[in-house]
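Structural description and commentary
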Amino acid sequence: MADRHVAHLLIGGGLASANCARWLRESGAEGEILLVGRELDPPYNRPPLSKGYLAGRESREDALFRPDPWWEEQRIELRTRTSVMKLDAARREATLSTREVVSFDTALLATGANVRRLNVEGADLDGIHYLRALRNADAIRADAGVPGRRVVLVGGSYIGCEVAATLTALGAQCTILMQEEVTLSRGFGTAAGRFFQDGLEARGVRVVGGDALARFEGDDGRVTTVVTERGERLAADAVVIGAGVTPDVTLARAAGLALDPDLGGVRVDARLATSAPGIWAAGDIAAYDSVVHGRRLRVEHWDVAFSMGRTAALNMLGRDVAHDVVPYFFSDLGDWASLEYVGPAARWDREVVRGAFDDGAFSVWYLDGGRVAGALSVGRGEDLVAARALLEAGARGRVLDDGEIAALGDVDSPLPAA
């Protein structure tokens, strides 16, 4: 028998649960809302962890989703440092780490993702960091954000590039080690990736591409050297690993919820409903039927989790709405480049550049069979309005003709209409 009952149980302490709680209240929910998260802090925005917060320009309070008093004002019970140990989908009951059993009318599963830890020799040495939480950023700033500190970033995607840019501005000597030849090229292609890499290198970041981590070496229990598969030895006073994340589906699997074998998350429909009645999933774990893309999608990004929280809240209240938000991403590399992106493009066969890399103001359009699959902007954020519309139209079959494709690359021509 349950110890207590709530109308809405939100499992996970990130932005998906936080924004779900907000929209439940703003959309008229009157019953009890309980949000439980294993993190030590209330829900907060993750982008500052590699940028403003890591640099010391933003405080913990700046990063929070809402100020601490807000939760009580909205009658939302927030339990930090609390995990759900068991979820009984049939009985609609959850057993907390406090051993309290909570029954619910509806629940949101938003357990997020765990960093992918590298299993190589020396991985347990001191001075090796992963970035996922506020306290990780605190440790990295204290250990690596020091003038003259030699820091190796393992991985050439968002985390590696953002942290390298931030730590370099703090005076550290940064080296990026990555498997790809060009930074950020997996998501944005070689041409755009080269723009970002050139900017990093111009500011003192060394990039070692086309190589991989072999092992760490240390002295007296602390890392001193990163050894690559090609045999290069990189001096390291500290290391930050950005090797991606894996969706945390442990609770969902144990509860018997349907998982997506291809995308690796919890399988949900276009309304974010799981295979269990009364339970929705959002954020990094949600593999959903995207009505925008016409395919199943799972996206690991804070903005996607944020928007999914709203969709889940509305459907938990019976509104029956599909998640129709075009995923949006942004990243800052110091004060010299702010990128924005809509997509994501699963694949593309053509890139069209509008503007010029040399001017630092351009957009790159990723086409798949003449359909817009994604668009990247640096200094041309207005282009993304058209990109969103064309992406949605492309999923419905809209194919650009040769003249329209030429117009994409001509700043003096209007962008094609959706």
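A short tour of the structure in this document, coming up. Along each chain, residues carry numbers from 1 onward, in the same order as the chain's sequence is written. Given that this is a predicted model, residues contribute local features only at a pLDDT of at least 70 and side-chain atom pairs are listed and counted only at 80 or more, while totals for whole chains, interfaces and linings are drawn from all residues. Side-chain numbers come from the whole structure's heavy atoms, not from hydrogens or water.

Bringing the sheet that holds strand 13 (residues 222-228) into the picture now. Pairing in this open sheet of three strands is antiparallel, and the strands run 12-13-14 from one edge to the other. The two strands at the open ends of the sheet, each matched to only one other strand, are strand 12 (213-219) and strand 14 (233-235). Strand-to-strand twist across the sheet, computed as the mean angle between neighbouring axes with direction ignored, equals 30 degrees. Pairing between strands is defined by DSSP: at least two bridges between the two strands are required. For the purposes of this entry, the term helix denotes a DSSP run of H or I that reaches at least four residues, the term strand denotes a run of E that reaches at least two, and both are numbered from the N terminus. Sheet topology places strand 13 next to strand 14; three bridges connect them, and they run antiparallel. Within strand 14, the residue paired with Thr 225 across the bridge is Ala 235. To obtain each axis, a line is fitted to C-alpha atoms, and for helices this fit is confined to the stretch in contact; angles are then taken between N-to-C directions over 0 to 180 degrees.

In this section: the layout of surface pockets. Remark: the empty space left among the atoms is shown by a probe the size of a water molecule rolled over them. Here a cavity denotes a set of grid points, spaced 1 Å apart and computed over the protein atoms alone, in which a 1.4 Å probe fits but from which it cannot get out, and a pocket denotes an open set meeting protein on both sides within 12 Å along at least five of seven lines; residues with an atom within 4 Å of a point are reported as lining. Grid points are joined across faces, edges and corners, and a volume is the space filled by probe spheres set on the points. Computed from the structure, the second largest pocket encloses a volume of approximately 280 Å³. If you trace the second largest pocket, you find 14 residues lining it, with His 293, Arg 295, Asp 368, Ala 373 and Ala 395 closest to the centre. Each residue is assigned to one of three groups, with Ala, Val, Leu, Ile, Met, Phe, Trp, Tyr, Cys and Pro labelled nonpolar, Asp, Glu, Lys and Arg labelled charged, and all others, Gly among them, labelled polar. Of the residues in the lining of the second largest pocket, the class split is seven nonpolar, three polar and four charged.

Next up on the list: the sheet that holds strand 25 (residues 371-378). Sheet architecture is open: five strands sit in the order 21-22-25-24-23, paired in antiparallel fashion. Both edges of this open sheet fall to strand 21 (328-333) and strand 23 (350-356), since each of them pairs with a single strand only. Taken pair by pair, the neighbouring strands of this sheet meet at an average axis angle of 15 degrees, ignoring direction. Across seven bridges, the pairing between strand 23 and strand 24 (residues 361-368) is antiparallel. In the sheet register, Val 353 faces strand 24, and the bridge partner there is Val 364. Running over the sheet, helix 10 (residues 383-395) touches strand 21, strand 22 (337-342), strand 23, strand 24 and strand 25 and is turned about 165 degrees from strand 25. Here, residues are in contact when the closest pair of their heavy atoms is within 4.5 Å.

Looking now at the pairing of strand 4 (residues 84-88). Within a regular strand, side chains alternate between the sheet's two faces. The sheet contact formed by strand 4 and strand 5 (residues 93-96) spans four bridges and is antiparallel. Among the inter-strand pairings, Val 84 is bridged to a residue of strand 5, identified as Leu 96. Where strand 4 hands over to strand 5, the hairpin turn is made up of four residues, of which Arg 92 adopts a positive phi near 55 degrees.

Keep in mind that these numbers describe shape and distance, not what the molecule does.
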